[in-house]
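# Remarks on the overall topology
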Amino acid sequence: MRASTYVASCWSHWLLISTIAYCFPIQHRNPSVWSSRNLQSGRLNSQFLTALHAVGYTRNYMRSGSRWWQGRLLQNEKNFNSSSPIFYPTANGADPTGGSDSTAALQKTINDAFEIASSFSLLKGIRDLGGVQIHLGGGQYILSKPLTIPELGGGNIMIYGGTLRAANTFPTDRFLVELGSQEISQPNYEDIVLQNLMLDCNYRGGGILLLNPIRITISDCYITHFSSVGISVHKGHETFIHNSFLGQHITVGGDPQESNFSGTAIRLDSNDNDVTDVVIFSAQIGIEVLGQANIMKGVHCYNKATGWGGTGIMIKKGATQNRIIGCYMDYTGIVLEESNRITISNSYFLGDAFILLKAGTSGTAFGLSIVDNIFTGSDHGVPIVQAQGTFSLVKQTRVDDNSAAGMALRSTRARVSVSGSGNSWTADLSHVLLFPGAVAHVQYSFYTPQLNATNATATFPQHALQSITATSITVVSDQPVDAVVSFSVDQSSYGDNEMQNIYHVTSPGLQMAPLKH
């Protein structure tokens, strides 16, 4: 026998023995030591057969002893869910091809996972299930009604790796996945991860509903064809939505039906949530925020152009202390119905997308910061930030240090110089200031090149701030002179004892670029 043939033969026999040892548990070992190997045997069935084929034993396997082998593998699959922290819905009869309704089988799989015995807990009253997993195995499952979690609740569990599709009979007022209950006021679940899922709502209802969630993660998901809301978070706090794609219609922009897009991709009626690295490619509203202390980072919205009535991110009345950082508003803008401690920074606005501030009944902008953003437009003079209604109080507010190309800058701070000969210099700031009739601070400097400290006989003219109107500031001198007057204006007050803003007038209507048909 040649050395190479001998080595190959030894290798083949070693591989066969190793495969059998790995796939089938050694029963006399301590179960706690070997549990991880035992629990993987179900999913290693196909690996076992592949290994047999690789070493040429497939024919022998199918002929002698095939009944024993097949029986052993089938028994492993049947017992898999009862002993493993990984549950497969196919073991309960779910159809991974999408050919039949799998609602009952999937629901039973979820119920079985939540019934795992545990002496540990997360929040008081919430059982720690130890990291149990529900693995959809890359299947496509049809649902005729929502998947829910048992009332007994639990936490530290993951559902991942497959597709859920709404049947044509799915109720239009429900969600494919519903966690929590309106009837339970206290949270009964925590630390649930929904990952690597595609949810096709079939234009019948929504994708994911979270009621009173605590520390929930939605990651690497694709949610589409929703008629209501893609992800809806109600009460609770600390839901993380990461690295996901949402859109009512599957498109890459410029869709001829864009004007008909409806629904909301993400609704946060909750506090302390995080939406990061998410793309929203079609919906009437990209993200609707009704809660406080949420943060949106790296979100790309091209869900529906502002010209068609779409909104990328909407901060609703009462939703204070929210932050929008490093986002990409692609032909769709941001609407603030609440201007109380809101931050928008380091974001990019394309296609005449702008920020709209609505005064509402309070007429207050307090702690508003819109800084360091980039705006790009089509040279139609659309202002980058616009105010709608009457703002009677502007305090601790800064709209400044933004850049614009093809759009009109607006700011709460203005710096301008006026030069000329005479005894009056007027600066018109209407093209810069955000709030047309609110001025809190004015500073100016008066410089004349005709007079300097070396000319002892010259008398420096006396000068003073003469008037402030809604759009202009005037400085006068007691004698004609060639001078340069530089102005610095801030529309925001900062201290509690400062006088109210000098002027209060109603802002003009919206200015938008014309639609391209």
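Since the structure is predicted, the reported quantities are computational estimates derived from the model, not experimental observations.

Take the overall build of the chain next. Within the chain, the secondary structure is distributed over six helices and 35 strands. Residues classed as buried in the chain amount to 48% of the 517 residues present. Considering only intrachain contacts with a sequence separation of at least 6, the fraction spanning at least 24 residues in the chain is 65%.

The next subject is helix α6 (residues 103-114). When the terminal C-alpha atoms of α6 are compared, their 17 Å separation across 12 residues agrees well with the 16 Å that a helix rising 1.5 Å per residue should span. The element α6 is extensively covered by neighbouring structure, given that nine of its 12 residues are classed as buried. Residues of α6 that are buried: T103, A105, L106, Q107, T109, I110, D112, A113 and F114.

Moving on to unusual backbone geometry. Note on backbone geometry: most residues besides glycine have negative phi, and most peptide bonds are trans. For E238, which is not a glycine, the phi torsion comes out positive at approximately 65 degrees. Within the secondary structure, E238 is located in strand β12 (residues 229-247). According to the relative accessible area criterion, E238 is partly exposed, its value standing at 26%. Even without glycine at this site, A293 takes up a positive phi of about 60 degrees. Relative to the helices and strands, A293 is located in the loop between β15 (285-289) and β16 (295-297).

So, on to the confidence of the model for the chain. Across the chain, pLDDT averages 84, with 79% of residues at or above 70. Confidence drops under a pLDDT of 50 for residues 19-81, and excluding neighbours within four residues, the segment shows 56 contacts in the predicted structure. Between residues 502-507, whose pLDDT stays under 50, and residues either more than four places distant or in other chains, the model counts 19 contacts.

A full pass over the atoms with the stated rule returns eight aromatic pairs. On the numbers, 6.3 Å between centres and 35 degrees between planes, the contact of Y222 with F245 is tilted. Taken together, the residues Y222 in strand β11 (residues 222-224) and F245 in strand β12 connect sequence positions 23 residues apart. Taking the relative accessible area as the measure of exposure, Y222 reaches 26% and is therefore partly exposed. With a centroid separation of 5.2 Å and an interplanar angle of 90 degrees, the aromatic rings of W425 and F446 are classed as edge-to-face.

What follows is about the nonpolar core. I266, I355 and L357 are the most contacted members of the largest nonpolar core, which has 87 residues in total. Ignoring sequence-local partners within four residues, the contact set of L357 consists of L336, S339, L368, I370, V385, Q386, A387, Q388, F391, L434 and F435.

What follows covers the pattern of salt bridges. Under the definition given, this model contains 11 salt bridges. Taking the shortest distance from any N to any O, the salt bridge between D112 and K108 comes out at 3.0 Å. On the criterion of helical spacing, the pair formed by D112 and K108 is a turn pair, its members being four residues apart in helix α6. R398 is paired through a salt bridge with D401; the nearest N and O atoms lie 2.3 Å apart. Classification of D401 by relative accessible area gives partly exposed; the value is 41%.

Mapped onto the fold, I315 is located in strand β18 (residues 311-315). Exposure remark for I315: the relative accessible area of 0% places this residue in the buried category. A C-alpha to C-alpha distance of 4.9 Å links I315 and V289, two positions 26 residues apart in sequence.

Let us look at the environment of F460. Take F460: it is sitting in the loop between β33 (441-447) and β34 (463-468). Sequence separation between F460 and D478 is 18 residues; the distance between their C-alpha atoms is 9.8 Å. When near neighbours in sequence (up to four residues on either side) are disregarded, F460 contacts F446, T448 and L451.

The topology assignment puts D128 in strand β3 (residues 128-135). No salt bridge is formed by the buried D128. Its closest oppositely charged neighbour is R127, at 9.1 Å. Setting aside anything within four residues of it in sequence, one finds D128 in contact with S118, F120, S121, L122, G155 and N156.

Glancing now at the side chain of T474. Topologically, T474 is positioned in strand β35 (residues 472-490). Here the side chain of T474 touches T426 through a polar contact of 2.9 Å, side chain to side chain. Not counting the four nearest positions on each side in its chain, T474 is found in contact with S424, W425, T426, A464, L465, Q466 and S467.

Turning next to the pairing of β34. With five bridges connecting them, β34 and β35 associate as antiparallel partners. The residue bridging S467 from the neighbouring strand is T474, located in β35. Counting the residues in the hairpin turn of β34 and β35 gives three residues.

A word on the environment of L123. Looking at the secondary structure, you find L123 in the loop between α6 and β3. Once residues within four sequence positions are removed from consideration, L123 is found in contact with E190, I214 and R215.

Extensive coverage of β15 is indicated by the burial of five of its five residues. Bridge analysis of strand β13 (residues 264-271) against β15 gives four bridges, and the strand direction is parallel. Following the sheet pairing, R267 is matched in β15 by E288. Note that β15 and β18 share four bridges and pair parallel. By the bridge assignment, V289 is partnered in β18 with I315.

Parameters at a glance
- The residue count restarts for each chain, going from 1 along the sequence in the order it is written.
- Confidence filtering applies because this is a predicted model: local features only for residues at pLDDT of at least 70, side-chain atom pairs given and counted only at 80 or more, and all residues used for totals across whole chains, interfaces and linings.
- As a rule here, side-chain values cover all heavy atoms of the structure and leave hydrogens and water aside.
- Numbering of helices and strands starts at the N terminus; helices are DSSP runs of H or I of at least 4 residues and strands are runs of E of at least 2.
- For every residue, the accessible area (1.4 Å probe, protein chains only) is compared with the maximum for its type, and the residue is labelled buried under 20%, exposed over 50%, or partly exposed between those bounds.
- Residue contacts follow a heavy-atom distance rule, with two residues in contact if any of their heavy atoms lie within 4.5 Å.
- Multiplying one less than the number of residues by 1.5 Å gives the expected span of a helix.
- Values of pLDDT, the confidence the predictor places in each residue, fall between 0 and 100.
- Note on aromatic contacts: the rings of Phe and Tyr and the six-membered ring of Trp form a pair at centre separations within 6.5 Å, being stacked when their planes are under 30 degrees apart, edge-to-face when over 60 apart, and tilted otherwise.
- Nine residue types can take part in a nonpolar core, namely buried Ala, Val, Leu, Ile, Met, Phe, Trp, Tyr and Cys, and a core is a set of them joined through side-chain atoms within 4.5 Å.
- Only one rule defines a salt bridge in this text: a Lys or Arg side-chain nitrogen within 4 Å of an Asp or Glu carboxyl oxygen.
- Under the counting rule used here, the positive set is Lys and Arg, the negative set is Asp and Glu, and His together with the chain ends is not counted.
- Here a polar contact means two N or O atoms within 3.5 Å. Within protein one must be a hydrogen donor candidate and the other an acceptor candidate, and residues neighboring in sequence count only if both atoms are side-chain atoms.
- In this scheme, strands are said to pair when DSSP sees at least two bridges between them.

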